[in-house]
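# Fold and geometry: a report
Letter by letter, the chains look like this.
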Amino acid sequence: MKSRYSLSLGKPFGIKVSVHWTFSLLIAWIVLISLGRGLAAPQILMHIVFVLALFVCVVLHELGHSIAAIRLGGAVDSITLLPIGGMAHLSKMPERPMDEFMVSAAGPLVNVVIAGLLWIYVALFHPVDIAAIEFETITAANFPIMLLAANLFIVAFNLIPAFPMDGGRLFRSALSIRMSRLKATRIAKDIGQVFAIVFIVGGLFFNPFLVVIGFFILLGAKGEYEMIKYQDVLKDQTVREIVKTEFAELDVDDTLGKAAERLVQVSDNGFVIMSEGEFAGILTKNDLINGLNSHGREGKIKDVMQTGLQPIHCDTPLFDVYRDMQKNRLYMLPVIENKEFKGILDLENLHEFFLIRKATKINS
Ligand SMILES: [Zn+2]
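In what follows, the accompanying structure is described. (Residues numbered from 1 in each chain as written. Predicted model: local features only at pLDDT ≥ 70, side-chain atom pairs only at ≥ 80, totals over all residues. Heavy atoms only, no water.)

## Describing the coordination of the zinc ion
Worth spelling out the cut-off: Nitrogen, oxygen and sulfur within 2.8 Å of a metal are treated as its donors, or within 3.2 Å for sodium, potassium and calcium (Na, K, Ca); water is not counted, so a site can appear incomplete. Each label reflects the angles at the metal, where four donors whose angles all fall between 85 and 135 degrees are tetrahedral, four or six donors whose opposite pairs open beyond 155 degrees and whose other angles stay between 65 and 115 are square planar or octahedral respectively, and the rest are irregular. Helix numbering and strand numbering both begin at the N terminus, where a helix is a DSSP run of H or I of at least 4 residues and a strand a DSSP run of E of at least 2. Only protein chains enter the accessibility calculation, which uses a 1.4 Å probe. A residue is then buried if its area is under 20% of the maximum for its type, exposed if over 50%, and partly exposed in between.
Listed as protein donors to the zinc ion are H61 (NE2), H65 (NE2), D166 (OD) and D166 (OD); their distances from the metal cover 2.0 to 2.6 Å. Taken together, the four donor atoms coordinating the zinc ion span angles of 55 to 153 degrees at the metal, a pattern that classifies the geometry as irregular. Look at where the donors of the zinc ion fall in the sequence and you get H-x3-H-x100-D. With a gap of 105 residues between them, H61 in helix α2 (residues 41-71) and D166 in helix α5 (residues 166-176) connect regions that are remote in the sequence. Neither H61 nor D166 differs from the other in exposure class; each is buried.

As structure tokens, this is what we get:
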């Protein structure tokens, strides 16, 4: 989730927590529904405070996953809050089945603890007669018990085995004990997609949020399965396998017009830009088109090329590079060996390499 669409809320435990702009739609929706029900301003405010309290519980849930992941050797980028819930972006997920199980369980466990604390609070300081509670609107009287119920709902909903939701992850980690991670992910993904379709169709009748969640599951399951497939096929392979030592080359002082003429002749994702015989940067097809738009044909390559790209080493595992390129939307990277420029890695070649290896793997 791009940070420019999000508002930063802080960095608890060193993890960046931000709220996505669409969250304001949720608040607007609550206000509209409340107005439609003829509620007065103080009651509407109470509903908004309730939702904010609920999302604090959601942040704690995501922090539960995140802290468990970090303790088990993973790494967490950030947590984003969306109207449908929170999302922890793990840059590195612990892969041992037991570790993954713990990370997935940690989130719902936080909500169980919150519900338990609320229960103690209600019992000691806020005794309520359950039979007399009015569940239609949130009031000062039913606030804690409603928050308790909402936390239990979060636990129950997240435990639905719809991969990549928590329940689906627990399911996959349990399967991975008995089979390969790839096969376990495929089964979890297939089941997740069935749930997603049920959510989407059911949501059309009952709740628009379910429709959105359904699509998230559908895309999330597919995306993660693709990643695991790449990981499986590319394991034990390094950048060396596909580093390109022959490439289309231009000089920093060449014009964008010259690059445009050569563009149609090359099959690469772009050009390697040299300056006095040394590697200087990369000009992808996209950089060139954008450059032509802003600088015209007489513009210089050096003004629009990508510099400061972190070079990768020949011995870097190929999957790690693939994951970073996907995440950062990079198409070409310089490759070095013994501190010297050796060639480039082109994402397109990486895709081809994957397809070839996958095909030969299946046949062998
Ligand atoms: Zn969770």
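## So, the packing of helix α1 (residues 23-36) against α2
Describing two packed helices takes the angle between their axes plus the distance from one axis to the other. Formally: To get an axis, fit a line to the C-alpha atoms, keeping to the stretch in contact for a helix; angles then go from 0 to 180 degrees between the N-to-C directions. By convention the crossing between two helices is left-handed if the near helix lies anticlockwise of the far one by an angle smaller than a right angle, and right-handed if it lies clockwise. Here a residue-residue contact requires only that any non-hydrogen atoms of the pair lie within 4.5 Å. Here the term charged refers only to Asp, Glu, Lys and Arg, the term nonpolar to Ala, Val, Leu, Ile, Met, Phe, Trp, Tyr, Cys and Pro, and the term polar to all other amino acids, Gly among them.
At a minimum axis separation of 10 Å, α1 and α2 run at an interaxial angle of 145 degrees. In this structure, α1 crosses over α2, and the sense of that crossing is right-handed. Listed contacts from α2 to F23, L26, I27, I30, V31, S34 and L35 of α1 are I44, H47, I48, V51, L52 and F55. Its residues assigned to classes, the contact of α1 with α2 comprises eleven nonpolar, two polar and no charged.

## Concerning the sheet that holds strand β6 (residues 270-275)
Applied cut-off: At least two DSSP bridges between two strands are needed for those strands to be called paired.
An order of β5-β6-β7 is seen for the three strands of this open sheet, with the pairing classed as mixed. Each edge of the open sheet carries a strand with a single partner, namely β5 (249-251) and β7 (278-284). Ignoring which end each strand starts from, the neighbouring axes of this sheet average 35 degrees apart. The sheet contact formed by β5 and β6 spans three bridges and is parallel. Bridge assignment links L250 to a residue of β6, and that residue is I273.

## Considering the nonpolar core
Formally: Definition used in this section: a nonpolar core is a set of buried Ala, Val, Leu, Ile, Met, Phe, Trp, Tyr and Cys residues joined via side-chain atoms within 4.5 Å.
Grouped together as the largest cluster of nonpolar side chains are 39 residues, with contacts concentrated most on F23, L26, F50, F55, L81, F143 and L147. When residues in this core are grouped by element, the largest group, 13 residues, is from α2. Other than its neighbours up to four places away in sequence, F50 contacts I138, F143, M146, L147 and A150. Among the nonpolar cores identified, the runner-up in size contains 28 residues, and L234, V272, L345 and F354 belong to it.

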